[in-house]
Amino acid sequence: MPDDETAAQRNALVDSLTEAAVGAARGAYRPYSGLGVGAAALAIGPDAGSPAGAADGRVRIVVGCNVENASYGLTLCAECSLVSDLHRTGGGRLLELVVVSHTGEPLAPCGRCRQLLHEHGGPGLVVHTARGAVRLGELLPDAFGPEDLR
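Residues numbered from 1 in each chain as written. Predicted model: local features only at pLDDT ≥ 70, side-chain atom pairs only at ≥ 80, totals over all residues. Heavy atoms only, no water.

Enquirer: Tell me what's going on with the confidence of the model for the protein, and back it up with residues and numbers.
Expert: For the protein, the mean per-residue pLDDT works out to 91, and 91% of the residues sit at or above 70. For residues 49–54, every residue scores under 50 in pLDDT, and the model assigns this stretch 9 contacts once sequence neighbours within four places are set aside. (pLDDT = per-residue confidence, 0-100. Contact = heavy atoms within 4.5 Å.)

Enquirer: Could you give an account of the state of the cysteines, with specific residues and numbers?
Expert: With the rule as written, the count across this model stands at 0 disulfides. With no disulfide of its own, cysteine 65 lies 11 Å from the sulfur of cysteine 77, the closest cysteine sulfur. Judged by relative accessible area, which is 17%, cysteine 65 ranks as buried. Cysteine 110 forms no disulfide, and the closest cysteine sulfur to it belongs to cysteine 113, at a distance of 3.6 Å. For cysteine 110, a relative accessible area of 35% puts it in the partly exposed group. (Disulfide = S-S within 2.5 Å. Buried < 20%, exposed > 50% of the residue type's maximum accessible area, 1.4 Å probe, protein only.)

Enquirer: Quick rundown of the sheet that holds strand S2 (residues 59–65)? Include the residues and the values.
Expert: With mixed pairing, the 5 strands of this open sheet are ordered in space as S2-S1-S3-S4-S5. Strands with a single pairing partner mark the edges of an open sheet, and in this sheet they are S2 and strand S5 (132–135). The sheet shows a mean angle of 20° between the axes of neighbouring strands, taken without regard to direction. The sheet contacts of helix H1 (residues 7–26) involve strand S1 (37–44), S2, strand S3 (93–101) and strand S4 (126–129), and relative to S3 the element is tilted by about 60°. (Pairing = 2+ DSSP bridges. Helix = DSSP H or I, 4+ residues; strand = E, 2+ residues; numbered from the N terminus. Axes fitted to C-alpha atoms, helices over the stretch in contact; angles between N-to-C directions.)

Structure (structure tokens):
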């Protein structure tokens, strides 16, 4: 937690992210499993001079929900939808993430989503789980990323 951030501010942020994630989960397309999943993250726009949209470095909340498909394997996770929203709203970096069911129960990102989140938030992304806040690097140690392709 940054030095200038109080516990009350931290709790208010997590509450806002959770509320946004529950709202997204309730709007999920879930005709097969019945499980709505919502994700909400705090994101910051790219640094000034970046070729992507929101170069002002503004902080915002991005959201996503799951979209099921009859083939199951083609279902889109809420985190995938969230990354689409990140880029739709100007790009940038994910800082903090909440994933919940439509009833508000915390959920952990699946392995595929952890990989996707690594690319858009890095190992320092704070993920709020049932056991508390953890860094993505703890959930996906030794991740393969864009830096490994150079």
